[in-house]
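Descriptive structure summary
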Amino acid sequence: MGGRHRVTLIPGDGIGPEVAAAARLVLDDAVAGIEWIERDAGATALAEHGDLLPEETLEAIRASRVAIKGPITTPVGSGFRSINVALRQELDLFAAVRPARSLPGVPTRHGPVDLVVIRENTEDLYRGVEFAAGSPEAEALREELRRLAGFEIRTDAGVTVKPISVAGTRRIVRFAFEHAKANHRRSITLGHKASIMPTSDGLFLRTAREHTDRGDVAFQDMQIDHLTARLVREPDRFDVLLLPNLYGDILSDLCAGLVGGLGLIPGANIGWEYAVFEPVHGSAPDIAGKGIANPIAMILSGAMMLRHLGEGDGASAVERAVDAVLASGAVRTADLGGSSSTMDVAVAIAAELTP
Ligand code: NAD
């Protein structure tokens, strides 16, 4: 018998299986009828199937359209730059959404912070257009650049190309405004360095300015360096941050730091067809297998997934239960100064779900 919602679950590597089991326990308590299709990716998949990103894992995500994954380790020298980047490009998951909000009982430097980073996920310097220093391709590129416009690149330079397109920008801008409107957000701040890179960042900014379907959402833009300085001083002045790929990667970790660390921050990668939810943190090999990882980032990723599946009540219930457990402070993992296990935290959160 199929459940009401089919979800592909990729436990992943390192602490992934531990936080995945914890999230599954909570999500099954919050919403009845989730049918889990478990598949491998990363080092676990390499050992089991000889492939870091097996086709059957991609097929399962395409069939269920929604997946939740733990972190995966990309073995160095595997030929993959990153399995996560490959997954995002393969499924065209063009929008990364990473909310960072102050949580009860977790001390931070600033007052209440409630930010959402919306990051373009497929273009920019992460597109993978790389020319190694000294390679014949880099040499051909140097000659072409000289011929085209008289650019002189040093012979020993490696080159990474930064493509940002109108089509790629339009869809992330539209996504950001729809997200802001649907979630009753006040404003969007776009970060860029258009003065230095007018053809890529400038295009991103100009294309966003042309978007007129803004509803009640205010729009401003800021040079990325200025935005970074403002964020660390007065994060409560910002709401949604809309960023090209590289700046989005960096600022989402900065925002995680503002509200108490990697073990707490959920994330979503969303495209027109598919959605993959995952915590922002990695596989944490230093604590893997000990049962002490904080499962909250994975559980909150699960709450984002429930909302995406139309289970808004279940999603809010999970978020309230996480808040209640953090506020009481009795059950918390070592990264938050406690001594509870991963499963202790999951059981405490599940207990809060039951009235
Ligand atoms: P990491 O996030 O795994 O760990 C950084 C630090 O944070 C470590 O000290 C770790 O113990 C701690 N930490 C992370 N998550 C935690 C949690 N839930 N509870 C308690 N402590 C936690 O980053 P890293 O060490 O740079 O990367 C390790 C591996 O993870 C690498 O192979 C990297 O490629 C991979 N990675 C994967 C993803 C992903 O799959 N989305 C993201 C980032 C890194």
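Refer to the structure presented above.
Residues numbered from 1 in each chain as written. Predicted model: local features only at pLDDT ≥ 70, side-chain atom pairs only at ≥ 80, totals over all residues. Heavy atoms only, no water.

What follows covers the environment of Arg-101. In this structure, Arg-101 sits in strand 4 (residues 95–101). Considered as a pair, Arg-101 and Leu-258 are 157 residues apart in the sequence and their alpha carbons are 8.7 Å apart. Setting aside residues no more than four positions away along its own chain, Arg-101 makes contact with Val-113, Asp-114, Val-259, Leu-300, Glu-319 and Asp-323. A polar side-chain atom of Arg-101 sits 3.2 Å from a polar atom in the side chain of Asp-323. (Helix = DSSP H or I, 4+ residues; strand = E, 2+ residues; numbered from the N terminus. Contact = heavy atoms within 4.5 Å. Polar contact = N/O pair within 3.5 Å; in protein donor to acceptor, adjacent residues only side chain to side chain.)

The next point concerns the nonpolar core. In terms of nonpolar packing, the biggest core is built from 66 residues, with Ile-188, Leu-242, Met-305, Val-318 and Ile-349 touching the most fellow members. In terms of residue count, helix 10 (residues 296–308) provides more of this core than any other element does, eight residues in total. Apart from the residues within four sequence positions on either side, Met-305 is in contact with Val-7, Leu-27, Trp-36, Val-66, Ala-67, Ile-68 and Phe-277. Core analysis: the second largest hydrophobic core is formed by 19 residues, Leu-115, Leu-243, Leu-258 and Val-259 among them. (Core = buried A, V, L, I, M, F, W, Y, C linked by side-chain atoms within 4.5 Å. Buried < 20%, exposed > 50% of the residue type's maximum accessible area, 1.4 Å probe, protein only.)

Attention now moves to helix 8 (residues 224–233). For helix 8, the complete set of buried residues consists of Ile-224, Leu-227 and Leu-231. On an axial view of helix 8, the arc spanned by its buried residues comes to 55°, and they lie on one face. (Arc of directions from axis to C-beta.)

What surrounds the ligand is a group of 20 residues, the closest being Ile-72, Asn-84, Gly-282, Ala-284 and Asp-286. Lys-69 is positioned such that a nitrogen or oxygen atom in its side chain is 3.4 Å from an oxygen atom of the ligand. Here His-281 contributes a side-chain N or O atom positioned 3.4 Å from a nitrogen atom of the ligand. Tallied by class, the residues present in the shell around the ligand amount to nine nonpolar, seven polar and four charged. (Near = heavy atom within 4 Å. Nonpolar A, V, L, I, M, F, W, Y, C, P; charged D, E, K, R; others polar.)

This part is about the side chain of Asp-13. By the secondary structure assignment, Asp-13 is in the loop between strand 1 (5–10) and helix 1 (16–30). Put simply, Asp-13 is tucked away with no salt bridge, and the nearest opposite charge, on Lys-69, sits 8.6 Å away. Leave out the neighbours within four places in its chain, and Asp-13 touches Ala-41, Gly-42, Ala-43, Thr-44, Pro-71, Ile-72, Thr-73 and Ser-283. (Lys, Arg positive; Asp, Glu negative; His and termini not counted. Salt bridge = Lys/Arg side-chain N within 4 Å of Asp/Glu carboxyl O.)

Quick look at the sheet that holds strand 8 (residues 187–192) now. With mixed pairing, the ten strands of this open sheet are ordered in space as 2-1-3-12-11-4-5-10-8-9. Edge positions in the open sheet fall to strand 2 (34–38) and strand 9 (218–223), since each of these has one partner strand only. The average undirected angle you get between the axes of adjacent strands in this sheet is 25°. In this fold helix 8 packs onto strand 5 (114–120), strand 8, strand 9 and strand 10 (240–243), with an angle of close to 105° to the strand it touches most, strand 9. Against the sheet, helix 10 contacts strand 1, strand 2, strand 3 (66–69), strand 4, strand 11 (268–270) and strand 12 (275–277), and its axis sits at roughly 175° relative to strand 3. (Pairing = 2+ DSSP bridges. Axes fitted to C-alpha atoms, helices over the stretch in contact; angles between N-to-C directions.)

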